Amino acid sequence: MGVEGCTKCIKYLLFVFNFIFWLAGGIILGVALWLRHDSQTTNILYLQLGDKQAPNTFYVGIYILIAVGAVMMFVGFLGCYGAIQESQCLLGTFFTCLVILFACEVAAGIWGFVNKDQIAKDVKQFYDQAFQQALMAEPDMNNGKAVVKTFHETLDCCGPDNPTGITTFLWKKDLCPRKDSILDNFIEPPSCHRKIDELFSGKLYLIGIAAIVVAVIMIFEMILSMVLCCGIRNSSVY
């Protein structure tokens, strides 16, 4: 016998929440793929300075997001099917998956909060090393100049925070991107340290907002799935 009354409303409400959850998984998957192939981050994080590769901590987080998005789509489908079929087994499995996902999201959120500045810090250190090599005249240091130019052209910036020394004008002319307008050449471009902070902090805030929205949906779904499961069990008694 199917559920009736308020439990039936909960059944369809859970279906709607699961459909939203499935859509959220698709959005997270799409955003993660966009971040993975974004031209700014790709140009910077694929750089290599001698034998040293650019920090890949950001990409590790992106790969985790891709996996989370795919799992969310599967779990959302499982919840939709379990709600429509009124299956206690599927709803129980769905609830267990939600608990595991929620625990992983909380753990990832704590890790992300603790290390939120580390990604930008590692990239800035990589840039500073390349910048120091670019100022040297040795032929085997030419790779440093190419890396710095890629940073400057990709982020539209020039130099670290407080460049000093009498050779500042010379390296700016050699390493910084040239402007089409004569007026633009007299405007001091922003430092690369600031642009690196803006690049990664903006993307991390986007990920954080998505995680909060998904967490709220998951809490509602866990409550509704348990209420529906109890309603199905009680309806089968009569």
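Please refer to the structure placed before this passage.
Conventions we followed
- Residues numbered from 1 in each chain as written.
- Predicted model: local features only at pLDDT ≥ 70, side-chain atom pairs only at ≥ 80, totals over all residues.
- Heavy atoms only, no water.
- Salt bridge = Lys/Arg side-chain N within 4 Å of Asp/Glu carboxyl O.
- Helix = DSSP H or I, 4+ residues; strand = E, 2+ residues; numbered from the N terminus.
- Buried < 20%, exposed > 50% of the residue type's maximum accessible area, 1.4 Å probe, protein only.
- Core = buried A, V, L, I, M, F, W, Y, C linked by side-chain atoms within 4.5 Å.
- Contact = heavy atoms within 4.5 Å.
- Disulfide = S-S within 2.5 Å.

Caption draft 1: Region of the structure containing the pattern of salt bridges. Scanning the entire structure with this criterion turns up 3 salt bridges. In this structure, Lys 11 engages Glu 86 in a salt bridge whose closest nitrogen and oxygen atoms are separated by 2.8 Å. Of the two residues, Lys 11 sits in helix α1 (residues 6-37) while Glu 86 sits in the loop between α3 (57-85) and α4 (88-114), which places them 75 residues apart along the sequence. Each member of the pair, Lys 11 as well as Glu 86, is classed as buried.

Caption draft 2: Spatial organisation of the nonpolar core. Judged by nonpolar contacts, the single largest core of 49 residues is most densely connected at Phe 21, Ile 62, Phe 151, Ile 196 and Phe 200. Elements represented by at least two residues in this core include exactly α1, α2 (39-45), α3, α4, α5 (118-135), α6 (142-155) and α8 (192-237). For this core, the element with the highest residue contribution is α8, accounting for 11 residues.

Caption draft 3: Looking closely at the side chain of Ser 191. Here Ser 191 shows up in the loop between α7 (168-175) and α8. What makes Ser 191 buried here is its relative accessible area of 14%. Discounting chain neighbours no more than four positions away, the residues touching Ser 191 are Cys 157, Cys 158, Gly 159, Pro 160 and Asp 161.

Caption draft 4: Region of the structure containing the state of the cysteines. Applying the stated criterion across every chain yields a total of 1 disulfide. Each disulfide pairs two cysteine sulfurs, and for Cys 157 the partner residue is Cys 192, the sulfurs being separated by 2.1 Å. Here Cys 157 and Cys 192 share a disulfide; its torsion about the S-S bond, 90°, makes the bridge right-handed. With a gap of 35 residues between them, Cys 157 in the loop between α6 and α7 and Cys 192 in helix α8 connect regions that are remote in the sequence. An identical accessibility class is assigned to Cys 157 and Cys 192; each is buried. Free of any disulfide, Cys 89 has its nearest neighbouring cysteine sulfur in Cys 229, separated by 9.4 Å. Since its relative accessible area comes to 58%, Cys 89 is described here as exposed.

Caption draft 5: Region of interest: the side chain of Asn 18. As for its placement among the helices and strands, Asn 18 is situated in helix α1. Apart from the residues lying within four places of it in its own chain, the contact partners of Asn 18 are Gly 76, Gly 79, Cys 80, Phe 94 and Glu 221.

Caption draft 6: How the structure looks around unusual backbone geometry. With a phi close to 55°, Glu 86 is a non-glycine residue in the positive phi region. Judged by its relative accessible area of 18%, Glu 86 falls in the buried class. With a phi close to 55°, Asp 156 is a non-glycine residue in the positive phi region. With respect to the element layout, Asp 156 can be found in the loop between α6 and α7. Accessibility expressed as a relative area gives 37% for Asp 156, which makes it partly exposed.

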